[in-house]
Number of protein chains: 2
Amino acid sequence: MIDKLIQNIKRTGAPIVVGLDPMLKYIPEHLQKKAFAEYGETLQGAAEAVWAFNKEIIDSISDLIPAVKPQIAMYEQFGVEGLIVFKRTVEYCKQKGLIVIGDVKRGDIGSTSEAYAVGHLGSVQVGNSRCRGFDEDFITVNPYLGSDGVKPFIKVCNEEKKGIFVLVKTSNPSSGEFQDRLVKEAADRPLYEIVGEKVAQWGEDCMGGTYSNVGAVVGATYPEQGKVLRKLMPKAFILVPGYGAQGGKGADLVHFFNEDGLGAIVNSSRGIIAAYKQAEYAEYGAERFAEASRAAVLAMKKDIAEALQNR
Amino acid sequence: MIDKLIQNIKRTGAPIVVGLDPMLKYIPEHLQKKAFAEYGETLQGAAEAVWAFNKEIIDSISDLIPAVKPQIAMYEQFGVEGLIVFKRTVEYCKQKGLIVIGDVKRGDIGSTSEAYAVGHLGSVQVGNSRCRGFDEDFITVNPYLGSDGVKPFIKVCNEEKKGIFVLVKTSNPSSGEFQDRLVKEAADRPLYEIVGEKVAQWGEDCMGGTYSNVGAVVGATYPEQGKVLRKLMPKAFILVPGYGAQGGKGADLVHFFNEDGLGAIVNSSRGIIAAYKQAEYAEYGAERFAEASRAAVLAMKKDIAEALQNR
């Protein structure tokens, strides 16, 4: 699947991914009102507002970008109704030729990780049939439980030619609390480096061309750590959250890329989907929110392309 | 919510929780056939087989136990249809007076953890209404992202008088890969102790009587580590997976308990729900699987009660 992602990145000239993380407060009132009028102020009403919002944004930007990253929590908060719309969003984006990275951060003991893996990336045996649950192209995985919690995902990746991004160094302020702890070794190193090293090892058995189908999540907010991790995991694609709203800028991101100009894909969520709420794009207004998103994608592409040219 | 869990434990005399982790291979053929005949060999067919299996087990054992722990991955593998049955299971168990621990192992950056927290423990604002998604009593939480990924759960716990169990030292074989790493400090300590210490801190602001609503997961398979962690988190209830099928025995577990006989709740999943597949309970046969589960619960209660008496 990483080869398909790379194809899409080359075709669009944009190593970016748009986070479809639709909190209700980002959704223009006219869409909320319409959904509530039809379905009530219910979980279904909320989910249908999310769907209307997503669809208009996807239709407006899908030709510009290689991939989307729906954050499942933003759907799961609306229970089953929200997850129906998560699935609908995954399917719709795939129809549009987008690679879908399910930001699910799952991870458990072996047999349980296996269930997550078949539910999100593979298929499950039911009698004599095989059925697909959510069927994303990639998902994010939490490594806290160690190899036997991660390997079931890799097994399914190999069977299905799909991929994962393992959390290595996350973008949030307190990510250092455990991830940065210096681990006592011959040369003391922070935990995230140990995790990064494991990602490189896990990835060796799951190659998809030049790069591995096992990637890593490293926050844009930690560029110095990104530099080290880039070298430690040369064949891992790095999914970089934290651009824009969380504070990362194009110039901070160049070290996440390899010399071939590949190796990283930068995520922006709020900065794109709620662009119409920013002063910069206020002219579009709530009615034309999807056009504001398109303008924000174009600006992000330009920022990153320039940063890569000037590296 | 921890006070209610303690009440239930005292009433039943059993510090145990039954893991409702229904893989299809545990479900007797007659239930699968019936569900497939009605709903086809589909995700819905599988989910309905799970529901029929769960309901019969719950009906058979609910008077003996204080709590259940459905593992959401086993439902999520069947997509939306599976999650409908997860929700139905949560509701049914609550109606039966059981405390429900959703084993979801969620955890993300702040705003995203907040969405998981409202979806699983709290309620979400939709227009002028507040709606509940899955509405478990407790959930399990992955701490890899640090305090700002955990605190949104604690906030909702305080608002809703609910609780969480944070992964500290998990029961699986490779849990040591990252969790046991010695962290360089004044006195070098494994990472899980640092996490355990944080759990104690986080829990101080979320008390539910003598114990905190912030508990910890520590695997039965690591009794020595359990002993240390018990002292490090005196007010945290410890959820102990790994009893039975994963190899833990009653006698290994006494150190997870405090002197008051409380402070731990021991989980068994396969050992109870698939008891009829074990030589010990084979006499029941597949038709009477729920009676086999009842016998296995009684045996587990006895094993743990004796171990606690002989400590």
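Here the structure is shown first, and the text comes after it.
Residues numbered from 1 in each chain as written. Chains lettered and ligands numbered in written order. Predicted model: local features only at pLDDT ≥ 70, side-chain atom pairs only at ≥ 80, totals over all residues. Heavy atoms only, no water.

Observations regarding the environment of K169 of chain A
All names here are of chain A.
Reasoning step 1: Checked against the element boundaries, K169 lands in strand β7 (residues 163-169).
Reasoning step 2: Once you skip the residues sitting within four places of it in the chain, K169 turns out to touch S175, G176, Q179, D180, Y192, V217, V218, G219, Y222, Q225 and L229.
Reasoning step 3: Polar contacts involving the side chain of K169 include one to the side chain of S175, which spans 2.8 Å. (Helix = DSSP H or I, 4+ residues; strand = E, 2+ residues; numbered from the N terminus. Contact = heavy atoms within 4.5 Å. Polar contact = N/O pair within 3.5 Å; in protein donor to acceptor, adjacent residues only side chain to side chain.)

Section: the pattern of salt bridges
It is possible for side chains of opposite charge to pair when their charged atoms get near one another.
Reasoning step 1: Going through the model one piece at a time under the given rule, you end up with 44 salt bridges over all chains.
Reasoning step 2: Residues R106 of chain B and E76 of chain A are paired through a salt bridge, measuring 3.0 Å at the closest nitrogen-oxygen approach. Of this pair, R106 of chain B sits in strand β3 (residues 99-106) while E76 of chain A is found in helix α4 (residues 73-76), placing the two residues in two different chains. By the burial criterion, R106 of chain B is buried, and E76 of chain A matches it.
Reasoning step 3: For E91 of chain A, the salt bridge goes to K87 of chain A, with nearest N and O atoms at 3.5 Å. Pair noted here: E91 of chain A and K87 of chain A are both in helix α5 (residues 79-95), with a separation of four residues, about one helical turn.
Reasoning step 4: Salt bridges sharing common partners tie together K94, R132, D135, E160 and K162 of chain A. (Salt bridge = Lys/Arg side-chain N within 4 Å of Asp/Glu carboxyl O. Buried < 20%, exposed > 50% of the residue type's maximum accessible area, 1.4 Å probe, protein only.)

As for unusual backbone geometry
Residue and element names in this part refer to chain A.
Reasoning step 1: Backbone geometry places D135, a non-glycine residue, at a positive phi of 55 degrees.
Reasoning step 2: Its place among the elements puts D135 in the loop between β5 (129-131) and β6 (138-141).
Reasoning step 3: Positioned with a positive phi, K161 is a non-glycine residue whose angle comes to about 50 degrees.
Reasoning step 4: Examined against the element boundaries, K161 turns out to sit in the loop between α7 (147-160) and β7.

Comments concerning the sheet that holds β7 of chain A
Residues and elements named next belong to chain A.
Reasoning step 1: Read around the closed barrel, eight strands run β1-β2-β3-β6-β7-β10-β11-β12, paired in parallel fashion. Strand-to-strand twist of the sheet, defined as the mean angle between neighbouring strand axes without regard to direction, takes the value 30 degrees.
Reasoning step 2: When strand β1 (residues 16-20) meets strand β2 (residues 67-70), the two strands line up parallel, connected through four bridges. In the strand pairing of β2, G19 is matched with K69.
Reasoning step 3: Its contacts with the sheet place α5 against β1, β2 and β3 (99-106), and it is angled at close to 150 degrees to β3. (Pairing = 2+ DSSP bridges. Axes fitted to C-alpha atoms, helices over the stretch in contact; angles between N-to-C directions.)

Considerations on the packing of helix α9 (residues 191-204) of chain B against helix α10 (residues 223-232) of chain B
Residues and elements named next belong to chain B.
Reasoning step 1: Running from amino to carboxyl end, α9 crosses α10 at an angle of 30 degrees, the nearest separation of the two axes being 9 Å. Relative to α10, the element α9 lies roughly parallel. Relative to α10, α9 is oriented so that their crossing is right-handed. Across the interface between the two elements, Y192, E193, G196, E197 and A200 from α9 touch Q225, V228, L229 and L232 from α10. (Parallel < 35°, antiparallel > 145°, perpendicular 65-115°, else oblique. Left-handed = near helix turned anticlockwise from the far one by under 90°.)

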